[in-house]
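# Structural overview
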Amino acid sequence: MVNGIERPLDLLNNSKGKEILVQLKSEKQLVGTLLAFDIHINIVLDNAKEIHNNEMKRSIGLTFLRGDTIVFISPASSASKH
Amino acid sequence: MVNGIERPLDLLNNSKGKEILVQLKSEKQLVGTLLAFDIHINIVLDNAKEIHNNEMKRSIGLTFLRGDTIVFISPASSASKH
Amino acid sequence: MVNGIERPLDLLNNSKGKEILVQLKSEKQLVGTLLAFDIHINIVLDNAKEIHNNEMKRSIGLTFLRGDTIVFISPASSASKH
Amino acid sequence: MVNGIERPLDLLNNSKGKEILVQLKSEKQLVGTLLAFDIHINIVLDNAKEIHNNEMKRSIGLTFLRGDTIVFISPASSASKH
Amino acid sequence: MVNGIERPLDLLNNSKGKEILVQLKSEKQLVGTLLAFDIHINIVLDNAKEIHNNEMKRSIGLTFLRGDTIVFISPASSASKH
Amino acid sequence: MVNGIERPLDLLNNSKGKEILVQLKSEKQLVGTLLAFDIHINIVLDNAKEIHNNEMKRSIGLTFLRGDTIVFISPASSASKH
Amino acid sequence: MVNGIERPLDLLNNSKGKEILVQLKSEKQLVGTLLAFDIHINIVLDNAKEIHNNEMKRSIGLTFLRGDTIVFISPASSASKH
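What you see is a predicted model; the values in this text were computed from it and never measured. (Residues numbered from 1 in each chain as written. Chains lettered and ligands numbered in written order. Predicted model: local features only at pLDDT ≥ 70, side-chain atom pairs only at ≥ 80, totals over all residues. Heavy atoms only, no water.)

When helices and strands are tallied, chain A shows two helices and five strands. Listed by position from the N terminus, the elements making up chain A come as α-β-β-β-β-β-α. Looking at chain A as a whole, 56% of its 82 residues are labelled buried. Sequence separation of 24 or more characterises 37% of the internal contacts of chain A that already satisfy a separation of 6 or more. Accessible area of chain A: about 3,600 Å², with a carbon and sulfur share of 47%. Side chains of chain A carry 10 positive and 9 negative charges; the gap between the two charge centres is 1 Å. (Helix = DSSP H or I, 4+ residues; strand = E, 2+ residues; numbered from the N terminus. Buried < 20%, exposed > 50% of the residue type's maximum accessible area, 1.4 Å probe, protein only. Contact = heavy atoms within 4.5 Å. Areas by Shrake-Rupley, 256 points an atom, 1.4 Å probe, with all protein chains shown as cover. Lys, Arg positive; Asp, Glu negative; His and termini not counted. Charge placed at Lys NZ, Arg CZ, Asp CG, Glu CD.)

Right, let's talk about the relation of the copies chain A and chain E for a bit. Of the transformation superimposing chain A on chain E, the axial component is 0.0 Å and the angular component is 51°, with the fit at an RMSD of 0.0 Å. Of the residues that chain A buries at the interface, just 4% are likewise interface residues in chain E, meaning the two copies contact each other through different surfaces. (Least-squares fit on C-alpha atoms with pLDDT ≥ 70 in both.)

Counting from both sides, the interface comprises 27 residues of chain F and, opposite them, 25 residues of chain D. Overall, the association of chain F and chain D removes approximately 1,900 Å² of surface from exposure, summing both partners, and the carbon and sulfur fraction of that is 62%. For the interface between chain F and chain D, the tally reads two salt bridges. Two residues, Glu 27 of chain F and Lys 28 of chain D, come together in a salt bridge whose shortest N-O distance is 3.5 Å. Put simply, chain F and chain D have nine residue pairs in polar contact (both at pLDDT 80 or more) between them. Elements with a contribution of two residues or more to the side of chain F that touches chain D: α1 (8–14), β1 (19–24), β5 (70–75) and α2 (76–81) of chain F. When residues of the side of chain F that touches chain D are assigned to their parent elements, the largest contribution, six residues, is made by β5 of chain F. Of the strand pairs in this sheet, strand β4 (residues 55–65) of chain D and β5 of chain F are connected by two bridges, and their pairing is antiparallel. Note that in β5 of chain F the partner of Phe 64 of chain D across the bridge is Ile 73 of chain F. (Buried area = accessible area lost by both parts, 1.4 Å probe. Salt bridge = Lys/Arg side-chain N within 4 Å of Asp/Glu carboxyl O. Polar contact = N/O pair within 3.5 Å; in protein donor to acceptor, adjacent residues only side chain to side chain. Pairing = 2+ DSSP bridges.)

These two, chain B and chain D, are apart from each other, with no contact and a minimum C-alpha gap of 15 Å. A gap remains between chain B and chain E, which never touch, and the nearest two C-alpha atoms on either side lie 15 Å apart.

What follows deals with unusual backbone geometry. A positive phi angle, near 60°, is found at Asn 47 of chain E, a position not held by glycine. Relative to the elements of secondary structure, Asn 47 of chain E occurs in strand β3 (residues 43–52). One non-glycine residue, Asn 54 of chain G, lies in positive phi territory at about 65°. According to the relative accessible area criterion, Asn 54 of chain G is exposed, its value standing at 76%.

This part covers the interface of chain A and chain E. With 27 residues of chain A at the interface, the matching set in chain E holds 25 residues. At the boundary of chain A with chain E, total buried surface from both sides reaches about 1,900 Å², with 62% on carbon and sulfur atoms. Across the contact surface, chain A and chain E share two salt bridges. Between Asp 68 of chain E and Lys 25 of chain A there is a salt bridge, and its shortest N-O distance comes to 2.9 Å. Counting across the chain A and chain E interface gives nine residue pairs in polar contact (both at pLDDT 80 or more). Looking at the side of chain A that touches chain E, the elements with two or more residues in it are α1 (8–14), β1 (19–24), β5 (70–75) and α2 (76–81) of chain A. When its residues are assigned to classes, the side of chain A that touches chain E shows 15 nonpolar, seven polar and five charged. (Nonpolar A, V, L, I, M, F, W, Y, C, P; charged D, E, K, R; others polar.)

With that settled, the discussion passes to the pattern of salt bridges. A full pass over the atoms with the stated rule returns 42 salt bridges over all chains. Here Lys 28 of chain B and Glu 50 of chain B are joined by a salt bridge, their closest N and O atoms 3.8 Å apart. Taken together, the residues span a long stretch of sequence, with Lys 28 of chain B in the loop between β1 (19–24) and β2 (29–37) and Glu 50 of chain B in strand β3 (residues 43–52) at a distance of 22 residues. With a relative accessible area of 16%, Lys 28 of chain B lands in the buried category. With a shortest N-O distance of 3.1 Å, Arg 66 of chain E and Asp 68 of chain E are connected by a salt bridge. Taking relative accessible area as the criterion, Asp 68 of chain E reaches 24% and is therefore assigned partly exposed. Overlapping salt bridges bring together Glu 27 of chain A together with Lys 28, Glu 50 and Arg 58 of chain E as one network.

Gaps between atoms show up when a probe of the same size as a water molecule is rolled over them. Put simply, the largest pocket is a space of about 500 Å³. Lining the largest pocket are 24 residues, with His 40, Arg 66 and Asp 68 of chain F together with Ile 39 and His 40 of chain G positioned closest to its centre. Its residues placed into classes, the lining of the largest pocket shows seven nonpolar, 10 polar and seven charged. (1 Å grid on protein atoms, 1.4 Å probe; cavity = no way out; pocket = protein on both sides within 12 Å on 5 of 7 lines; lining within 4 Å. Points joined across faces, edges and corners; volume = space filled by probe spheres on them.)

Moving on: the side chain of Arg 66 of chain B. Tracing the backbone shows Arg 66 of chain B in the loop between β4 (55–65) and β5 (70–75). A distance of 2.9 Å separates the side chain of Arg 66 of chain B from the backbone oxygen of Gly 67 of chain C, its partner in a polar contact.

Okay, the pairing of β3 of chain B next. All names here are of chain B. With respect to burial, β3 is a largely interior element, seven of its 10 residues being buried. Judged from the seven bridges that link them, β2 and β3 form a sheet pairing that is antiparallel. Its bridge partner being in β3, Phe 37 is matched across the sheet by Ile 43. Joining the antiparallel neighbours β2 and β3 is a turn of five residues, in which Ile 41 adopts a positive phi near 65°. The turn linking β3 back onto β4 is made up of two residues, and Asn 53 within it adopts a positive phi angle of 50°.

Note that all results are geometric; they support no functional claim without further evidence.
Right under this line is the structure:
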C-alpha cells in the first residue's frame, strides 16, 4: 500500500475517492470521502461526519475543511490493517 | 452533487447564492447565503445568523468573515441529504 | 443591497463612511464609522466604541485596528434589515 | 480630523509626534508618543507607560513594540473628542 | 551516526524507512516508519501509533501529518543509544 | 535621545552594545546587552538574565532569542529617564 | 567570546559542535550538542535530553527540532561564565 509515496501529498492523492479520518487541532475528528485537496491541505470531504470522544456528533455532508485546522489525515482503511 | 469538484474552492464556487454553514475556530457557527469568497477563504454572507450550542444567538445580516477564523464550510442542504 | 459584491472586499468598499460592527477574536466588539481599509483588513474607524457583553465599555474615537484581530465585519444597518 | 485618511497607515502617519493609546492582545495597554512605525505595524514609542485595568503599572520609556502584539492604536486625543 | 548531517533536513532524509518518534505541540506523540517528508516538515508515517502519557492510545496506520503540529522528530533508535 | 529614529529598527540599532529589557509574550522578561538583531527581530543578548515578577530567575549568559516571542524591547536606561 | 557576532545566526554558527540549552514555548527545555541549523531556526541536536522544572525527563538522543517552537537558545557554557 505504501508503494509510490515519495512526497507527503502522494498519500492524499492515493486517497481520493476513499474514506479518510481527519484529526483536527481541536479534539474533534471528521470522517468522510476525500474528493479534493490543494497544497494548503484544504480538503473537500463528501458524507462528512463529526466525531468527538469516539461518538458521532453530527452529519455535515459535503464539506470544505481548511488545512490549517488539521493535525493528521489517515485513510480509514489503514488503521485496521496495521 | 459532487460532480465537478476537482479543487477545494470548486465547492465554494458551487455554493454561491446558496445557504452555507460555517464552523468557526471559536465554538460558534454562522449560517447565511454565500455571496463571495477569495483565495484566503474570506467570505461574504448575506442574512447571516450566529449560532452557538444549536441556538440562534443574533442576526448579523450582511457580513464579511475572515478566512483564518474558519474550520469548515458546508452547504446547508448537504447535511440532510447524506 | 447585495448588488455589486463579487469579491469579499467589495462589501468593505461599499461600507466606507457607514457605521460597521467589528467582532474581534477576543470576545469584544467595536462599532464605528469605516474610514479606510487595506488588503490585510487593517481598518480605520472613526467614533469607535468598544462593546463587551452588549455593554458599551469605552469610547476610543479614531482608531487603527489590525486585521488579524478580526472575526467578522458587518454593516450596522444590515442586522436590523434582515 | 479624519481628512486625509485614505489608507489605514495614514492615521499612523498623522499621529507621529503625538500621544497614542496602544491596546495589546494581552489585556495590557501602552500609552506614549509615536516616533516611528513600519508596514508590519512595529512602532517606537517615547515616554511609554504600561497600563493594566486602568492603572499605570510601570514606566518603560523609549520602546520598540512588535506589530503582531497589537489590537488597535488610537490617538490619545480622539477618545475625549468624540 | 551523526556523520553527514549538515542541514536539519539531512536527519529526516537519513531516517527514511526507519521508525521515528514525533512529539506534537499537543502533548501527544506519534511513532511510526517515516516514508516521506517535505520542506514544510509535513511527513507520512506508516504503521503510526498515537501515544499519550507513555500509553499507546490507538493505531492509526498510514498517516499524513502536518508539519506545523510538530515540536521534534527523533529516530526511535537514538534515545536508547545515548 | 530620540533623534535619528525614523524607522522602528533605528532604535534597535542605537541600542547595540547597551543593556535592554525584553518583554516576552510569556510573562517573562530578559535583560542583557544587545549584540545583534535582524529584520525578524531575532536578537542576541550577552549577559542575559531571566526575570519573572520582578525577580531574577536565572542567568542564561549569551543568548539567541527568536523575534516572534517578543512583545517589546526597551533600552534599560530609558525607563528611569522618563 | 562575543567577538564575531554581527548577525544573530552567527551565535548559532559559533555553537556548532557545542552543548546548547534550548528553551521551548512550552515550559520544557532541551539540552544537547548542536549539529545543524537553518534560517527557520530548525535545529538538529545530538544527545538531546528533555528537561522540565530542572529535572531530566527523558533522553531523546538525535533530534530534529522545529524552529517555531523555540524561545531562546543559549550555549550551555555561557550561563556559568557570566
